[in-house]
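# Remarks on the overall topology
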Amino acid sequence: TCGICVEKCPFDAIEIINLPQELQDNPVHRYGENAFSLYGLPAPQEGKVTGILGPNGIGKTTAVRILEGELQPNLGRDETVDWDDVLEAYRGTELQDYIADVRDGEVTVARKPQYVDQIPESFDGNTRELLERTDERGALDSLVERLEIGPVMDQAIEDLSGGELQRVALAATLARDTDFYFLDEVTPYLDIGQRVTAARLIRELAEEENRSMLVVEHDLAILDLLADTLHVAYGEPGAYGVITSPKSVRNGINEYLSGYLDNENMRIRQDPIEFEEHAPRTATHGDVLVDYPDLTKSYGDGEFTLEVKGGEIHRNEVLGIVGPNGIGKSTFAKLLTGNLGPTAGDADLDLDISYKPQYVTIDQHMRVDAFLSSITDQFGSSYWNTEIAQPLQLERIMEQNLSDLSGGERQRVAIAACLSDSADLYLLDEPSAHLDVEQRVQATSAIRRYAEQQDATVMVIDHDIYTIDLLADRLMVFEGEPAVAGHASKPQPMREGMNEFLSNLEITFRRDERTSRPRINKPESQLDREQKREGEYYYSP
Ligand code: ADP
Ligand code: ADP
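Residues numbered from 1 in each chain as written. Chains lettered and ligands numbered in written order. Predicted model: local features only at pLDDT ≥ 70, side-chain atom pairs only at ≥ 80, totals over all residues. Heavy atoms only, no water.

### Comments concerning unusual backbone geometry
Positive phi values are uncommon outside glycine, yet Gln393 reaches one of about 50°. Inspection of the secondary structure puts Gln393 in the loop between helix H14 (382-389) and helix H15 (407-420). We note that Glu524 has phi near 70°; this positive angle belongs to a residue other than glycine. Following the sequence through the fold, Glu524 ends up in the loop between strand S24 (518-520) and helix H19 (526-534). Residue classification places Glu524 among the exposed positions, given a relative accessible area of 56%. (Helix = DSSP H or I, 4+ residues; strand = E, 2+ residues; numbered from the N terminus. Buried < 20%, exposed > 50% of the residue type's maximum accessible area, 1.4 Å probe, protein only.)

Rendered as structure tokens:
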């Protein structure tokens, strides 16, 4: 048993793992008797991007605090341990030189925090003031340009959106002049184009300046593009965590998805996560839930205009919505909910919509269980527990206050709240943000099952291509010029939708030979050019 639940893991996420004795005998750090233990450390390397892939709560931050020299690990021993003992324990491993430098106080570190939403609480000023303090490499101008921060340089940090904060935090971290950079999730709130740019900037700093980069990332397509080597992390959140020896990125992600770690001979999940190589046949969903006409919405004197092509949304389907930030996706959502009236067209849709916004702001002083039971009288029923609470891992946080939740916990509560409301249409804006990979998969299947069993219709806006792939039956594609003009296509089959979306971005995906999972092609590689010529950006023909 895992110490949290009494019996077999109800999430089927982690099979109860018996750690090999050799590992059990050699923790890196133990917070106390019966407290969390960490086994293994990631090994940052000069000139390389090292990734960590695994759930939250299994010691990634602990590991980084050790690598920063901030936490003196105790090797699980009772007696006092110093850095010389740690060095002795790591002699002959890839970490030997690194730990010697930490012991000698020679490692300097820049770190991007996981929850960028908290930055305004600790910084009072505008973007320019924040960034200028960090410009140690003289690289700021180029970072500002490539991350498109220019338009918000004179804006107060507290007025920035999550996506803007994420890019400012990334620029602030990469502008520093240190040996070791730790980036705890780079993709939340960024669109795919911005994610790819972030990945390239991180790679360039490693390759061109010979720095050590360590990245925790849950968007697997981006992690794949970003990292040179990968440590898989597994264990029981809150109880113990194991960080494996480095693997190639391809093998690391493949093994993670398959649920079985080859070298470690370790099963970490019962069922594999699988992707379909070929586009699903056009969904044959029955009824039409809503048939909406062409719509136009302009703000102000037409600073931004959205044009929506009329279309049908089917009952029971999960409709994916993709497109860059600032292109009108939320505006469309508000037209559907009736929160906004269109400039042209008749959007009087008479639909009850349950909406989870991109930026989750539930933070009243109220317990999670009280909050959720105020939304649905299904709360606590065995159906609700099985279909909502378990896959969203809510049991452990039911008694906590909303205001004390982490970003990922808040996200899970908000998804549960959205699905628990009774409505005709459920609209979730970026449900993947701050969920770890395991939680993304669980949340995805909860949303899909809910649509099927409750005769519900779900629309999901997301930038994580694996999440969209696992969730959506059809796609609605937004394109145009962000902040100026947006066009929304009518809902279309997955293959057509992916081709339209990815051709705007000029990104193609090949398929991994072993697992069929999608992998981003190198621009201008042979496959990239061939696929563009044939117009097949995502699925095999
Ligand atoms: P992650 O970064 O993977 O989410 P952390 O390293 O933050 O994980 O935490 C791993 C576990 O260690 C958590 O269960 C956390 O509660 C526990 N932990 C973290 N810091 C301390 C501490 N100072 N004392 C006791 N337990 C701690
Ligand atoms: P997305 O959801 O795709 O990121 P939005 O629909 O939020 O895009 O915004 C599209 C554009 O409209 C952006 O340039 C945004 O600044 C602008 N915008 C959004 N809401 C308003 C508003 N109430 N008044 C004026 N401009 C707005």
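Picking up where we left off.
### Topic: the site of ligand 2
As a matter of local geometry, ligand 2 sits amid Tyr299, Phe304, Pro324, Asn325, Gly326, Ile327, Gly328, Lys329, Ser330, Thr331 and Ala483. Separating an oxygen atom of ligand 2 from a side-chain N or O atom of Thr331 is a distance of 2.5 Å. Sorting elements by how many residues they give to the shell around ligand 2 places helix H12 (residues 329-337) first, with three residues. For the shell around ligand 2, the per-class residue count stands at five nonpolar, five polar and one charged. (Near = heavy atom within 4 Å. Polar contact = N/O pair within 3.5 Å; in protein donor to acceptor, adjacent residues only side chain to side chain. Nonpolar A, V, L, I, M, F, W, Y, C, P; charged D, E, K, R; others polar.)

### A look at the side chain of Thr444
Within the element layout of this structure, Thr444 appears in helix H16 (residues 437-453). On the basis of relative accessible area, Thr444 is assigned to the buried category, the value being 5%. Discounting residues that sit within four places of it in the chain, Thr444 has contacts with Thr467, Leu470 and Leu471. (Contact = heavy atoms within 4.5 Å.)

### Considerations on the site of ligand 1
Close contacts around ligand 1 come from Tyr31, Phe36, Asn56, Gly57, Ile58, Gly59, Lys60, Thr61, Thr62 and Gly238, and that covers them all. Within the side chain of Tyr31, an N or O atom sits 3.3 Å from a nitrogen atom of ligand 1. At 2.5 Å from an oxygen atom of ligand 1 is found a side-chain nitrogen or oxygen belonging to Thr62. Contact with the protein chains covers 60% of the free accessible surface of ligand 1, which is 570 Å². (Areas by Shrake-Rupley, 256 points an atom, 1.4 Å probe, with all protein chains shown as cover.)

### So, the packing of aromatic side chains
Within this structure, the stated rule accounts for 12 aromatic pairs. Each ring, one from Tyr538 and one from Tyr539, has its centre 4.9 Å from the other, and the planes form 90°; the classification is edge-to-face. Across the pair, exposure class does not vary: Tyr538 and Tyr539 are buried alike. Aromatic ring contacts, followed pair by pair, group Tyr292, Phe332 and Phe478 into a single cluster. Positioned above the aromatic ring of Tyr256, the side-chain terminus of Arg269 is 4.9 Å from the ring centre. Above the plane of the ring of Tyr538 lies Arg511, whose end atom (NZ or CZ) is 4.8 Å from the centre. (Phe/Tyr/Trp six-rings, centres within 6.5 Å; stacked < 30°, edge-to-face > 60°. Lys NZ or Arg CZ within 6 Å of the ring centre and 35° of its normal.)

### Quick word on the pairing of strand S7 (residues 229-236)
Along S7, eight of the eight residues are buried, which leaves the element largely enclosed by surrounding structure. Residues Thr229, His231, Ala233 and Gly235 of S7 are buried on one face, and the alternating residues Leu230, Val232, Tyr234 and Glu236, pointing to the opposite face, are buried as well. In this structure, strand S3 (residues 49-53) lies alongside S7, joined through four bridges in parallel fashion. Each residue of the ladder has a partner; that of Thr50, found in S7, is Thr229. Two strands pair when backbone bridges link them, and S7 and strand S9 (residues 247-248) are joined in this way by two bridges, in the antiparallel orientation. Residue pairing across strands places Leu230 opposite Lys247, the latter belonging to S9. Here S7 runs beside strand S8 (residues 240-243); their pairing, made up of four bridges, is antiparallel. Paired with Ala233 across the bridge in S8 is Ile243. The loop that links S7 with its antiparallel partner S8 comprises three residues; one of these, Gly238, has a positive phi angle of about 85°. (Pairing = 2+ DSSP bridges.)

### Regarding the environment of Ser258
Residue placement: Ser258 occurs in helix H11 (residues 249-258). Residue Ser258 is classed as partly exposed on the basis of its relative accessible area, which comes to 25%. For the pair Ser258 and Asp271, spaced 13 residues apart in sequence, the C-alpha to C-alpha distance is 7.3 Å. Contact partners of Ser258, with chain neighbours within four places excluded, come to Arg267, Arg269 and Pro272. At 3.2 Å, the side chain of Ser258 forms a polar contact with the backbone nitrogen of Tyr260.

### Section: helix H9 (residues 192-209)
In this model, H9 (18 residues) spans 25 Å end to end at C-alpha, consistent with the 26 Å of a helix rising 1.5 Å per residue. The N-cap of H9, judged by a side-chain oxygen 3.2 Å from the amide nitrogen of Gly193 a few residues on, is Asp191. Of the residues trailing H9, Asn210 is marked for its positive phi of about 60°. (Expected span 1.5 Å × (residues − 1).)

### Digging into the nonpolar core
Within the largest apolar cluster, 82 residues are counted, with the highest numbers of intra-cluster contacts made by Leu131, Ile149, Leu174, Ile202, Met213, Ile465 and Met498. Among the nonpolar cores identified, the runner-up in size contains 33 residues, and Trp384, Ala414, Ala443 and Ala456 belong to it. (Core = buried A, V, L, I, M, F, W, Y, C linked by side-chain atoms within 4.5 Å.)

### A few points about the packing of helix H8 (residues 162-174) against H9
Following both chains from N to C, one finds H8 and H9 inclined at 5°, their axes separated by 11 Å at the closest point. Relative to H9, H8 is oriented roughly parallel. Listed contacts from H9 to Arg167, Leu170 and Leu174 of H8 are Gln194, Ala198, Leu201, Ile202 and Leu205. A per-class count over the contact of H8 with H9 returns six nonpolar, one polar and one charged. (Axes fitted to C-alpha atoms, helices over the stretch in contact; angles between N-to-C directions. Parallel < 35°, antiparallel > 145°, perpendicular 65-115°, else oblique.)

### Quick notes on the environment of Ala414
Its location among the elements puts Ala414 in helix H15. For the pair Ala414 and Leu372, spaced 42 residues apart in sequence, the C-alpha separation works out to 9.3 Å.

### Examining the pairing of strand S14 (residues 304-308)
Side chains of S14 alternate between two faces, with Phe304, Leu306 and Val308 buried and Thr305 and Glu307 left unburied. As judged from the five bridges shared by strand S13 (residues 295-299) and S14, these two strands associate in the antiparallel manner. Considered in S14, the bridge of Leu295 is made with Val308. Hairpin connection between S13 and S14: a loop of four residues separates the two successive antiparallel strands, and Gly300 in this loop has a positive phi of roughly 55°. Judged from the four bridges that link them, S14 and strand S21 (residues 485-488) form a sheet pairing that is parallel. Looking at the pairing, Thr305 lines up with Ala485 of S21.

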